[in-house]
Each structure stands twice: as C-alpha cells, then as structure tokens.
Amino acid sequence: MAGYGNDGVDLTELTLGPPGINARKARRARKNGQASSSSATMQAFVKVSMDGTPYLRKVDVAAYDDYGELVEALNELFCCCSIGLIDGYSEWEHAVVYEDGDGDWMLVGDVPWEMFVTSCKRMRVMRSCEARGLSSNA
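Residues numbered from 1 in each chain as written. Predicted model: local features only at pLDDT ≥ 70, side-chain atom pairs only at ≥ 80, totals over all residues. Heavy atoms only, no water.

S.K.: What am I meant to see in the overall build of the protein chain here?
M.R.: Secondary structure summary: the protein chain contains four helices and six strands in total. Counted from the first residue to the last, the protein chain has its helices and strands arranged as α-β-β-α-β-β-β-α-β-α. In the protein chain, which comprises 138 residues, the proportion classed as buried is 36%. Considering only contacts in the protein chain between residues 6 or more positions apart, those separated by 24 or more positions represent 47%. Split by element, the accessible area of the protein chain, about 8500 Å² in all, is 51% carbon and sulfur. (Helix = DSSP H or I, 4+ residues; strand = E, 2+ residues; numbered from the N terminus. Buried < 20%, exposed > 50% of the residue type's maximum accessible area, 1.4 Å probe, protein only. Contact = heavy atoms within 4.5 Å. Areas by Shrake-Rupley, 256 points an atom, 1.4 Å probe, with all protein chains shown as cover.)

Here's what the structure looks like:
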C-alpha cells in the first residue's frame with residue numbers, strides 16, 4: 001500500500017483503536033503466557049453511558065478478567081468512585097446494568113463472567129435506587 005506523505009510509513013502499519021488497547025493486550029498476553037499479537041485476544045467493545053454525563057465511552061469488556069476489574073475501570077473512566085456491584089449496591093451511589101442479546105436490561109454480576117462478555121451489547125451506569133427493580137434478589 002502506498003505510504004502517506006514522505007514519512008515512509010505504510011498505511012497498513014497504522015492501527016486505530018482506543019487509547020491503551022495495546023497495553024491491555026500485552027498485559028493479557030503476559031497473564032496468559034501467550035505471545036503478544038493482535039489476533040491473540042478477543043475484543044468485545046460496548047458503549048457505556050452514565051446517568052448525568054453528556055457523553056458515551058467504549059469499553060472492551062473482554063480485556064478484563066472479572067466484574068471487579070470492570071467496575072474499577074468504569075470508576076476510573078468516569079472519574080468517580082461511587083460505582084459498585086449488586087452484592088452491596090445499597091452502599092454505592094451507582095450500579096451497572098447491561099443490555100443482553102434479547103434486549104433485556106440486567107444487573108452486571110447476575111450471570112457468569114464469560115456469559116456476560118458474549119451477551120453484553122451495551123452498558124449503563126445508573127443510580128442504585130433505579131437499579132433495584134432489575135435485581136434478581138429484590
């Protein structure tokens with residue numbers, strides 16, 4: 001493929017993605033004892049919205065190993081520390097829900113992690129008091 005300008009870089013060498021994706025791939029590859037390659041990890045990007053914020057973010061849910069890591073990343077992403085899971089969301093100001101393949105909204109943490117990664121279409125961080133009705137144990 002032809003280079004862009006006179007810098008000698010082939011356009012096929014350029015990779016576009018969210019910031020930090022290469023670092024996450026490398027971290028996962030080291031954890032799993034694999035060589036770092038672009039096809040070594042599955043990607044599952046989903047849009048995340050948070051009540052009260054005027055913007056959406058995209059998160060690669062497959063880059064995390066469990067719900068704890070995902071919630072920690074969402075707290076960093078939205079610059080807050082009030083997002084939690086269902087096992088104690090009464091103490092948290094916000095809870096995370098997701099839309100599955102059937103279009104149903106469910107609480108994050110209700111299904112095993114692997115099932116969540118494959119079925120999650122989008123996520124929403126909402127007030128805990130609104131999320132109580134979605135709980136399987138409410």
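Having seen the structure, we can now continue with the description.
S.K.: Hey, could you run me through the environment of K47 in this one?
M.R.: Looking at the element boundaries, K47 is found in strand β1 (residues 45-50). Accessibility expressed as a relative area gives 47% for K47, which makes it partly exposed. With residues up to four places along the chain from it excluded, the contact list for K47 reads L56, R57, K58, K121, R122 and M123.

S.K.: What is the right way to read the pattern of salt bridges from this model?
M.R.: Pairs can form between side chains of opposite charge whenever their charged atoms are close. Per the stated rule, a full pass over the model turns up two salt bridges. A salt bridge links R124 to D51; the shortest N-O distance between them is 3.0 Å. Of this pair, R124 sits in strand β6 (residues 122-127) while D51 sits in the loop between β1 and β2 (56-60), and the two are 73 residues apart along the sequence. Its relative accessible area of 27% is what places D51 among the partly exposed residues. Note that E99 and R122 form a salt bridge whose closest N and O atoms lie 2.5 Å from each other. Taken together, the residues span a long stretch of sequence, with E99 in strand β4 (residues 94-99) and R122 in strand β6 at a distance of 23 residues. (Salt bridge = Lys/Arg side-chain N within 4 Å of Asp/Glu carboxyl O.)

S.K.: Would you take a moment to explain the pairing of β1 for this structure?
M.R.: Each regular strand carries side chains that alternate between the two faces of the sheet. Side chains of β1 alternate between two faces, with V46, V48 and M50 buried and F45, K47 and S49 left unburied. Across five bridges, β1 lies against β2 in antiparallel orientation. From the neighbouring strand, F45 faces β2, where its bridge partner is D60. Taken together, β1 and the strand that follows it, β2, pair antiparallel across an intervening segment of five residues, in which G52 is found at a positive phi of about 95°. Sheet analysis places β1 next to β6, joined by four bridges and oriented parallel. When the bridges of β6 are listed, V48 appears paired with M123. (Pairing = 2+ DSSP bridges.)

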